[in-house]
Amino acid sequence: MIRVYSSPLATMAAQTTTPEKAAAPGALTTFLAALGGGFLSAAHTAGGMTILLVKILARLARLRLDGRELWKNLYKMAVKSLPIVVVTALFTGAIMVIQAATIVKRYGAEGLLGWGAGFGTLREIAPLLTALMISGRVGANNTAELGTMVVTEQLDALRVLAIDPIGFLIAPRFVAIVSTLFMMTLFADALALFGAAYTGQALLGVSPTTFFNGLTAGLLDFGDVANGLFKSFVFGLVMALASCHFGLATTGGAPGVGRAVNSTVVTSAAGIFVLDYLVSFAIGG
Amino acid sequence: MITIQSVSKAFRPSGGGPPNQVLEGVSLHVPASCLYGLIGPGASGKSVLLKMIVGLMKPDSGSITVDGVDVTQASELDLQKMRLKFGMLFQNNALFDHMTVGDNIAFPLRRLTDLGEDQIKDRVMERLAHVALTGFEGRLPAGLSGGQKKRVGVARATITRAPIVLYDEPAAGLDPVTSQKIFELLREEQRASGATVVMVSSDLDRLLTVTDRVGMMYRGRLIFDGTTHEAQTSEEPRVRQFVHGLTEGPL
Ligand SMILES: Nc1ncnc2c1ncn2[C@@H]1O[C@H](COP(=O)(O)OP(=O)(O)OP(=O)(O)O)[C@@H](O)[C@H]1O
Ligand SMILES: [Mg+2]
C-alpha cells in the first residue's frame, strides 16, 4: 500500500517560496527595473573586483605572497593547459590560411600569405582565442576551487590559523593566471604561425620559407606581437579578478559554486571582448 | 578567558524577507582554564557564537573580549595576532581537501611554528595515534568516513596546543566508545595544559562527564549558565527537559 504524506521539508519549502505578485507592473517599468538592476549588479561586480585588485596589489607590494602556492598554481594552470593551447593555436593558424587562400590564389600573392595570416593572428586572434580557452579552463576551475573552499569553511579555517587568505590563496592565483595567459599567448603566437606555414604549404604549395619571408619582410614587426601580448595581459587581469572575485563571493553550498563558475565565465568573456575593443581603439588596433 | 556581552545578530535572507534573529542579547563568561560546554537544540546559534569568538563573524551589537582584546572591534591584523592563541574544530571539520590527512594536521605547525620537519612528523604521528588513525597520514579527506574526518579535525585543532580551543561537535558521527575516548582525551589535555575550552556537543551524556560549566542556548538566547552539577539538577523546565532528554516538556 502506498501512503501519501506531506514531508516536513516539502512543507517548509512551500512556506519559504514567495507567492507570485498579484498585480503585474507595466511592461516598461519591468524593463526599466531590469535594466537598472543589470547596471547595478554590473557596477557591484566591477566595484568588488576593484577592491579585490587593491587588496591583492597591497599584498604583492609587501611581497606577502606564498611562493609554494604560486609554483603549484603555475604548474596546474600553465603546464596543464598546454594541450588545449596547442590544438587551438595550430588550428587557428590553419584557418587563417584557409581564409586567405582564395585571395592568394586569385592574385598569385604567395609572398603576402605570411603577412595576411600573421597580422590578424598576432594582433587579435591568438590573444583573444587563447584568453577564451584559458578562461574556460583555468578561470572556471579556479572559481570552483575557491568557491568550494568558501562553502566548506576552509577559508575560515585558514583565517583561524592566522593566515591571510588574500596573501596565501588569492595573490598567488592572481599572479599565476595573469602570467599563464601571457605565456600561453606567446606560445600560441608561435604555434599559430607554425600551423599557418604548414597549412600554406599543404594547401597552396607556398613553401614555409616564402611564408616566413612574407611575415618578416617589413610589414609586420615586434610592435604587432607586443600589441597582442599587451592585450593578453589586460585579458589576464580581468579574467583573474573575475575568477577570484566570484570564487570568494560564493554563497549557498554546492549550487552556489555552480552559479559562481557561471558568473566567472560570462563576466570574463564579456570583459575580454569589451576590453579588446577599448584597447584596440586606444592603441590603434 | 572569554567574555561575551549582550551580543545580538540577525541574518538578512539574500532574497529579501524578514531577518532571522539568530542571537539575542547573549552574555556569557568563560573563566580561564575552564572547560565550558555549550548545549542547545539545533539552530539555536551555538556555531554562530563560536565563530564570533574567533572573529569570523561580527555581531550586530554587543562585545566579545578574549584576554582583554575586543574581537568585535579589532582590525584584521590584530585579529590575526589574536588567533594565534586559538585552536578550532569546525562542525563540518573544514579539512583542506587538496591536502593529505598528514598535511592537514601538520599545516598549523608548519605555518605557525619553527619546528623542523622531523619534530612535526613526530607530533603528527602522536596526534594520529590519539585519535586512532595511525597509518592514515597519506590518505585524502575525500576518502574518509564522516567519523574519521571528525577525528582528523580534532587532531588538527589540538596539534598546536593552543591556550584557547573551540570544538564544534567533536564527537558527532562517532560510535559511543570512540566518542567517550575523544571526550576523555580532550579533557585530559585541557587539564594538563590549563587551556580554556568551549565545547559544543549534542552528546549530552558524555559531554557533561567532562565539563566544568555549562551554558544552554535556546532560540538565540542563553537560558542557562552554571556549573555542570547545577545543569543536571536545574528545575528550569527547558533545561531539565533538554539535559535529561525528556519528550514531555516545553521544547
Ligand atoms: N552564514 C549564515 N548565513 C545566514 N544564516 C545563518 C548563517 N549561519 C547560520 N545561520 C542561521 O543561524 C541560525 C543558527 O545557526 P547555528 O549554526 O549557530 O546553529 P547551531 O546551534 O549550531 O545548530 P546545530 O546544533 O544544528 O549545529 C540558523 O537558523 C541558521 O540558519
Ligand atoms: Mg552548529
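Residues numbered from 1 in each chain as written. Chains lettered and ligands numbered in written order. Predicted model: local features only at pLDDT ≥ 70, side-chain atom pairs only at ≥ 80, totals over all residues. Heavy atoms only, no water.

K.L.:
Can you break down the interface of chain A and chain B residue by residue, with the values?
P.N.:
The partner chain B presents 20 residues to the 19 residues of chain A that form the contact. The largest share of the area that chain A buries against chain B comes from A:Glu153, A:Val160 and A:Leu161, three residues that together contribute 34% of it. Between chain A and chain B we count two salt bridges in total. For A:Asp66, the salt bridge goes to B:Arg111, with nearest N and O atoms at 2.9 Å. Connecting chain A to chain B are five residue pairs in polar contact (both at pLDDT 80 or more). (Contact = heavy atoms within 4.5 Å. Buried area = accessible area lost by both parts, 1.4 Å probe. Salt bridge = Lys/Arg side-chain N within 4 Å of Asp/Glu carboxyl O. Polar contact = N/O pair within 3.5 Å; in protein donor to acceptor, adjacent residues only side chain to side chain.)

K.L.:
With reference to specific residues and values, describe the site of ligand 1.
P.N.:
All names here are of chain B. In the vicinity of ligand 1, the residues found are Phe11, Asn20, Val22, Gly42, Ala43, Ser44, Gly45, Lys46, Ser47, Val48, Met57 and Gln91. Here an oxygen atom of ligand 1 and a backbone polar atom of Ala43 are 2.8 Å apart. For ligand 1, the accessible surface in isolation is 630 Å², of which the surrounding protein chains cover 62%. Element by element, the count of residues in the shell around ligand 1 is highest for helix α1 (residues 46-53), at three residues. Taken together, the residues of the shell around ligand 1 break down into five nonpolar, six polar and one charged. (Near = heavy atom within 4 Å. Areas by Shrake-Rupley, 256 points an atom, 1.4 Å probe, with all protein chains shown as cover. Helix = DSSP H or I, 4+ residues; strand = E, 2+ residues; numbered from the N terminus. Nonpolar A, V, L, I, M, F, W, Y, C, P; charged D, E, K, R; others polar.)

K.L.:
So what's going on with the coordination of the magnesium ion (ligand 2)? Residues and values would help.
P.N.:
Residues and elements named next belong to chain B. Taken together, Ser47 (OG) and Gln91 (OE1) make up the protein donors of the magnesium ion (ligand 2), found 1.9 to 2.1 Å from the metal. Taken together, the positions of Ser47 in helix α1 and Gln91 in the loop between β6 (86-89) and α3 (101-112) put the pair 44 residues apart, joining distant regions of the chain. A relative accessible area of 43% means that Gln91 is categorised as partly exposed. (Donors = N, O, S within 2.8 Å, 3.2 Å for Na, K, Ca; no water. Buried < 20%, exposed > 50% of the residue type's maximum accessible area, 1.4 Å probe, protein only.)

K.L.:
Help me get a handle on unusual backbone geometry, residues and values and all.
P.N.:
Although it is not a glycine, A:Ala162 adopts a positive phi angle of roughly 60°. Position of A:Ala162 among the secondary structure elements: in the loop between α6 (154-160) and α7 (165-204). In the Ramachandran plot, B:Arg219 falls in the positive-phi region, its phi being about 50° despite a non-glycine side chain. For B:Arg219, the location among the structural elements is in the loop between β9 (213-218) and β10 (221-227). For B:Arg219, a relative accessible area of 64% gives the class exposed.

K.L.:
How would you summarise the sheet that holds β10(B) if you had to cite specific residues and measurements?
P.N.:
All names here are of chain B. Taken together, six strands build an open sheet; the order of strands is β6-β7-β8-β3-β9-β10 and the sheet is mixed. Every other strand in the sheet has two partners, leaving β6 and β10 as the edge strands with one partner each. Averaged over all neighbouring strand pairs, the angle between strand axes comes to 15°, with direction disregarded. Pairing analysis gives four bridges linking strand β3 (residues 35-39) to β9, with the strands arranged parallel. For Gly37, the partnering residue across the bridge sits in β9 and is Val214. Sheet strands in contact with helix α9 (residues 237-244) are β3, β9 and β10, and its direction is about 110° off that of β9. (Pairing = 2+ DSSP bridges. Axes fitted to C-alpha atoms, helices over the stretch in contact; angles between N-to-C directions.)

K.L.:
An account of the pairing of strand β4 (residues 61-66) of chain B is needed here, citing residue identities and associated values.
P.N.:
Along any regular strand, the residues point their side chains to alternate faces of the sheet. All names here are of chain B. Bridge count for strand β1 (residues 2-11) against β4 is five bridges, and the pairing is antiparallel. Across the sheet, Ile4 pairs through a bridge with Ile64, a residue of β4. Where β4 meets strand β5 (residues 69-70), two bridges bridge the pair, whose relative direction is antiparallel. Each residue of the ladder has a partner; that of Val66, found in β5, is Val69. Counting the residues in the hairpin turn of β4 and β5 gives two residues, including Asp67, whose phi is positive at 50°.

K.L.:
Requested: an account of the side chain of B:Ser63, with residues and values cited.
P.N.:
Inspection of the secondary structure assignment puts B:Ser63 in strand β4. Among all residues touching B:Ser63, those that are not within four sequence positions of it are B:Thr3, B:Ile4, B:Gln5, B:Val7, B:Asp70 and B:Thr72.

K.L.:
An account of the environment of B:Val152 is needed here, citing residue identities and associated values.
P.N.:
Residue and element names in this part refer to chain B. Along the chain, Val152 turns up in helix α5 (residues 146-158). Along the primary structure Val152 and Arg127 are separated by 25 residues, whereas in three dimensions their C-alpha atoms are 8.8 Å apart. Apart from residues no more than four positions distant in its own chain, Val152 is found in contact with Leu95, Val101, Ile105, Leu133 and Leu144.

K.L.:
Can you lay out the nonpolar core for me, pointing to particular residues and giving the numbers?
P.N.:
Grouped together as the largest cluster of nonpolar side chains are 81 residues, with contacts concentrated most on B:Ile4, B:Leu23 and B:Leu166. In terms of residue count, the dominant contributor to this core is α7(A) (13 residues). Per-domain counts for this core show at least three residues from each of domain 1 (1-9 + 20-71 + 162-251) and domain 2 (86-161) of chain B. Sequence-distant contacts of B:Ile4, defined by excluding residues within four places in its chain, comprise B:Val26, B:Ser27, B:Leu28, B:Leu49, B:Ile53, B:Ser63 and B:Ile64. Counting 42 residues, the second largest nonpolar core, distinct from the first, contains B:Ile105, B:Tyr167, B:Leu204 and B:Ile223. (Core = buried A, V, L, I, M, F, W, Y, C linked by side-chain atoms within 4.5 Å. Domains from an automatic or database assignment.)

K.L.:
Break down the domain arrangement of chain B for me, with residues and values.
P.N.:
Residues and elements named next belong to chain B. What the domain assignment reports for chain B is domain 1 (1-9 + 20-71 + 162-251) and domain 2 (86-161). Inter-centroid distance (C-alpha atoms) of domain 1 to domain 2 is 24 Å. Listed per partner, the contact involves 24 residues of domain 1 and 17 residues of domain 2. Between domain 1 and domain 2, roughly 1700 Å² of surface is buried when both sides are summed, and carbon and sulfur atoms account for 68% of that area. By the criterion of area lost to domain 2, the three top residues of domain 1 are Ala162, Asp168 and Leu185, representing 26% of everything that side buries. The interface formed by domain 1 and domain 2 holds one salt bridge in total. A salt bridge links Arg127 to Glu189, with the nearest nitrogen and oxygen atoms 2.5 Å apart. Counting every contact that joins domain 1 to domain 2 gives nine residue pairs in polar contact (both at pLDDT 80 or more).

K.L.:
Just give me the short version of the sheet that holds strand β2 (residues 20-30) of chain B, but keep the residues and values in it.
P.N.:
Residue and element names in this part refer to chain B. Spatially, four strands are ordered β2-β1-β4-β5 in an open sheet, and the strand pairing comes out antiparallel. Here the strands that pair on one side only, and so sit at the sheet edges, are β2 and β5. In this structure, β1 lies alongside β2, joined through seven bridges in antiparallel fashion. Its bridge partner being in β2, Ile4 is matched across the sheet by Leu28.

K.L.:
How would you explain the packing of helix α4 (residues 82-107) of chain A against helix α5 (residues 113-151) of chain A if you had to name every residue and give the values?
P.N.:
Residues and elements named next belong to chain A. At a minimum axis distance of 9 Å, the contact between α4 and α5 shows a crossing angle of 145°. Along this stretch, α4 crosses α5, giving a crossing that reads as right-handed. Contacts from Ile84, Val85, Thr88, Thr92, Met96, Val97, Ala100 and Val104 of α4 reach α5 at Leu113, Ala117, Gly120, Thr121, Ile125, Leu129, Met133, Ile134 and Arg137. Looking at the contact of α4 with α5 residue by residue, the class counts come to 12 nonpolar, four polar and one charged. (Left-handed = near helix turned anticlockwise from the far one by under 90°.)

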